[in-house]
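# Results of the structural survey
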Amino acid sequence: MLLWVSLLILAPVGGQFASEIKSVISLHPPWTTLFQGETVTLTCKAFQFNAPQKRKWYRWYLPGEIQSETTENTYEARESGGYKCQAQDSHSSDRVDLLFTTASLILQAPSDVFEADSVVLRCQAKANVILNNMTLYKNGKVLQVLDKTSDFHIYQASMKDNGDYHCSGFKDTHVVSSNKIKIVVQELFPSPVLKASSTQPTEGNTVTLTCETQLSLQRPESQLLFRFVKTSMWSEWKISPEFQFSPIRRENSGSYWCEARRLNSLVQKQSQELQIQVQVPVSQPVLTLRPPGTWTLVRDKISLQCEVQRGSLPIWYQFFHEDVLLMKTKSTSERKMSHRLSLTENHFGKYYCTADNGLGPQRSEAVIPVSKPVLTFSSPGTRTFVGDKMSLQCEVQRGSLPIWYQFFHEDDLLKKREAISWITESYSFSLIAEHSGNYYCTADNGFGPQRSEAISLSVTVPVSQPVLTLSPPGTWTLVGNEVRLQCEVQRGSSPIWYQFFHEDVLLTRIEATSWRTRSYSFSVAAEHSGNYYCTADNGFGPQSSETINLSVIVPVSRPVLTLRPPRDQAVVGDVVELHCEVQRGSPPILYQFYHEDVTLGSSSSASGGGASFNLILKTEHSGNYFCEANNGQGVQRSYTVSLSVRVPVSRPVLTLRTARAQVVVGDVLELRCEAQRGSTPILYWFYHNNITLETSTSHSGQGVSLNLSLTADHSGTYSCEADNGLGPQRSEAVTLSVMGLTGSKNSLIATSVTGGLLSMMAIAAVALLFYCWLLRKAGGKPTVDSSRNPSAPDPQESTYHNVPGWIELQPVYSNVNPNRGEVVYSEVWSVKKENKLTAASEPEPFKNTDSCVIYSQVKGASTAASKPQFLDPLTPHR
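What counts as what
Residues numbered from 1 in each chain as written. Predicted model: local features only at pLDDT ≥ 70, side-chain atom pairs only at ≥ 80, totals over all residues. Heavy atoms only, no water. Disulfide = S-S within 2.5 Å. Helix = DSSP H or I, 4+ residues; strand = E, 2+ residues; numbered from the N terminus. Buried < 20%, exposed > 50% of the residue type's maximum accessible area, 1.4 Å probe, protein only. Contact = heavy atoms within 4.5 Å. Pairing = 2+ DSSP bridges. Axes fitted to C-alpha atoms, helices over the stretch in contact; angles between N-to-C directions. Salt bridge = Lys/Arg side-chain N within 4 Å of Asp/Glu carboxyl O. pLDDT = per-residue confidence, 0-100. Core = buried A, V, L, I, M, F, W, Y, C linked by side-chain atoms within 4.5 Å. Phe/Tyr/Trp six-rings, centres within 6.5 Å; stacked < 30°, edge-to-face > 60°. Lys NZ or Arg CZ within 6 Å of the ring centre and 35° of its normal.

All chains considered together, the criterion is met by eight disulfides. At a sulfur-sulfur separation of 2.1 Å, the disulfide partner of Cys211 is Cys258. Taking the sign of the S-S torsion, about 70 degrees here, the bridge from Cys211 to Cys258 comes out right-handed. Note that Cys211 is positioned in strand 22 (residues 207-212) and Cys258 in strand 26 (residues 254-262), a separation of 47 residues in sequence. Here Cys211 matches Cys258 in class, with each residue buried. Bridging Cys673 to Cys720, the disulfide has an S-S length of 2.0 Å. Between Cys673 and Cys720, the S-S torsion sits near 70 degrees, and that sign places the bridge as right-handed. Taken as a pair, Cys673 in strand 65 (residues 668-674) and Cys720 in strand 69 (residues 716-723) lie far apart in primary sequence, 47 residues in all. Per residue, the accessibility class of Cys673 equals that of Cys720, and both read buried.

Here is the structure:
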């Protein structure tokens, strides 16, 4: 590339070098603005290959000029001014203006900037001058804040980077601005110009394309690459600016342009388009007659058409009959021309035409139209078999050579052949099933094709293996759907007998005379599941299809839910089996069990039948149950089945209630028996010394009461029993002692005892009041043994009492068995009078109030009751 450029620049003209040789100055460092006291080295270069020359240096101070001369090609500059250099046998360089300044801040840039250059702008502060907030401006607008570096880089410079640049900074509070630099990005080379040695060459000649451009003299060391382009086609990048067609052909006509780019650079430029039109001599014309055929009748209308395959327009055509010119005409848009005439007796004979586009005339062959061809088979019979060898022969009685023969099967071209020495041609092939049908041939020698009569050929083909398909497609279907079995063969001569089978049982037999497929439809029932196949036979033996399996899916029927408890009545704790089953339905079937619309669980039956779910009964399991069955064809729900879960009664609690602490004959005694849990109705029995007093039924779940007017015979033990049909439960026994009146002596004794007791109770009451006063003053309450407190609930049961208000010091009798222990004792409590019935969850005597135990009897769980003991009301423990 460098050598080619040098030849352009240094080409001798009349023994002297051309004036294009020009000296170039380069700078080191590359800046044109520097601080005073700094030095820049100027280097003078000339694009020559001879030995070092003397160079002249110039320096200008306006308005005068200072000149110095040296043999070195470098010069150290320290003063402002415009510098030029001139090497021997070359022109002066462009002027380079240098500025040495005393300013505090300067903006430095290279002297020349070319497109695609990498350019550095340096905002440089003077030594010992500290500036802050350094900012670079372009055309008066902020371009970049130089906070970490003083350099600004322009990568791949282009015309958009043209403009005036300066920078500024802050010294204390004052703005310091640099000099302004104008950057003008120069073209590395101009857009190329494409030139051709000829734009209308004749086909076969040599044509040279040249892509002309020139690098800037400031960058003589650069190298250019060239390529040539024609509408989506292009050559490789090369150093040579020339491209040659040798020889050029008709297809080389078109629009061309060239591209040039700098080596190892993105700078690339394109020329204007250049149109090249290759002039092609006309080929030998072909004369044809339209319409095709032979003519014998006078006044028939015919058209002579003369056509060339190639040749540049315009073309002159001439038509001749027996060397007599009939017509001469010019074509400017097509490579063919026609001449129409009415036949007379004088028009029979040979015809030809000529074509000429100025590059030499060409003459067509004189032709005679072909006669109607005759097609024959090599086999004398019309019935043939697959694999036989067949030969078709097409022949004409007359016609000018060459003749093109074409063989057709059902209008599909089989073969096209040219006959240049015989007026007959043949075509051979091996028969396959598809070769049955009609055959004919055509012959054409340029006057239009002539067609033979059609001959029919029948090829007998055994049936292929049939293919059985289901419609709609798939391997399963639902009961009641319509299914169509289709049996089809790819080949086979008609007629064909089709048979359809289900599990080797013949379903139907159908004959096909014109199609290679037959079908059989039926409505699907459950028993139609199984394997299906079909057979096809046209007399060469039946062929069976592959077997297809069809699964008939039966939607599930409504399921039946059966509850299977272990006894007649469902009791808490029992395990009840929920069994769900459908009468019909294809497996697998998913069963789901529900209680009051809440899912209990699910179970899948993979082989059909029902499924079960076991449930351990609780009280809340009473209610309605149902199940669902689903095999993917819709959910079916059973009817609802109700279940009532019964709860056995708990051990009842017997409570005795009287109007005074020591009952006497004539008092009214209330016996109340209550079970904390148990399904209703509950039947209660009251016992006195194990003798039934009375029975009562509770339909509400609450306890029942029995009132007795006491006599002396009512002393003894009392108990009660509860039963709701799931087994009776008896309470603990409660002992009651009834005091009677026996005479005056007894009255005296009773009076004395009563007086003593009242005196003791008075003393105890005073002590109790004092004790309670002390406790209240101290913020406390009397101590109560919770383990023996009848109000403490059983750990597993809750006991409820409905106790009416009584008179002051009303006694309450109760059996106490703390924490189900081995010790059982009876207590009588005294309580204060209430004005209203208590609605609390436990009887008032059992609360931690100001009540005191006034009677207690302790016995073992398995021994007889001991004698009753009267306790001090102030006793803190019972």
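Within the fold, Thr329 resides in strand 32 (residues 324-331). Apart from the residues within four sequence positions on either side, Thr329 is in contact with Ile315, Trp316, Tyr317 and Met337.

Right, let's get into the sheet that holds strand 56 (residues 575-581). Strand order in the open sheet made by the three strands is 54-56-59, with antiparallel pairing throughout. The outermost strands of the open sheet, each flanked by one partner alone, are strand 54 (560-564) and strand 59 (611-616). Each strand axis lies, on average, 20 degrees off the axis of its neighbour in the sheet, ignoring direction. As paired elements, strand 56 and strand 59 share six bridges and run antiparallel to each other.

To continue, consider the pattern of salt bridges. Scanning the entire structure with this criterion turns up 18 salt bridges. Between Lys269 and Glu115 there is a salt bridge, with its nearest N and O atoms 2.8 Å apart. Of this pair, Lys269 sits in strand 27 (residues 268-270) while Glu115 sits in the loop between strand 12 (113-114) and strand 13 (119-125), placing them 154 residues apart in sequence. Of the two residues, Lys269 and Glu115, both sit in the buried class. What you see here is one network of salt bridges that share partners, running through Glu115, Glu187 and Lys269.

The predicted model of the chain averages 79 in pLDDT, with 78% of residues at 70 or higher. Confidence drops under a pLDDT of 50 for residues 742-751, and excluding neighbours within four residues, the segment shows zero contacts in the predicted structure.

So, on to the side chain of His409. Structurally, His409 is set in strand 39 (residues 403-409). Among all residues touching His409, those that are not within four sequence positions of it are Leu414, Glu434, His435, Ser436, Gly437, Asn438 and Tyr439.

Here the focus is the nonpolar core. Within soluble globular proteins, side chains that are nonpolar generally end up buried alongside one another. Counting 22 residues, the largest nonpolar core has Phe189, Leu194 and Leu209 as its most contacted members. Breaking this core down by element, the ones donating at least two residues are strand 22, strand 23 (224-230), strand 26 and strand 28 (274-276). Sequence-distant contacts of Phe189, defined by excluding residues within four places in its chain, comprise Glu115, Thr213, Gln214, Leu215, Leu224, Ala260, Arg261, Arg262, Val267 and Lys269.

This part covers the environment of Lys84. Mapped onto the elements, Lys84 comes out in strand 9 (residues 81-87). Separated by 10 residues in the primary sequence, Lys84 and Asp94 place their C-alpha atoms 6.3 Å from one another.

Our focus in this paragraph is the packing of aromatic side chains. Tallied over the full model, the rule gives 16 aromatic pairs. Where Phe243 meets Phe245, the ring centres are 5.2 Å apart and the plane angle is 80 degrees; that geometry is what we call edge-to-face. Judged by its relative accessible area of 29%, Phe243 is partly exposed. For Phe245, a relative accessible area of 10% puts it in the buried group. Taken together, Phe377, Phe407, Tyr427, Phe429 and Tyr439 form an aromatic cluster joined through their ring pairs. One cation-aromatic arrangement involves Lys269 over Phe189; the distance from NZ or CZ to the ring centre is 5.1 Å. One cation-aromatic arrangement involves Arg558 over Tyr639; the distance from NZ or CZ to the ring centre is 4.3 Å.

Once that is clear, we can look at the sheet that holds strand 21 (residues 193-196). Read from one edge of the open sheet, three strands run 21-22-25, paired in antiparallel fashion. In this open sheet, the two strands that pair with only one neighbour each are strand 21 and strand 25 (242-245). Each strand of the sheet is rotated relative to its neighbour by a mean of 15 degrees, with strand direction disregarded. Here strand 22 runs beside strand 25; their pairing, made up of four bridges, is antiparallel. Bridge assignment links Val207 to a residue of strand 25, and that residue is Phe245.

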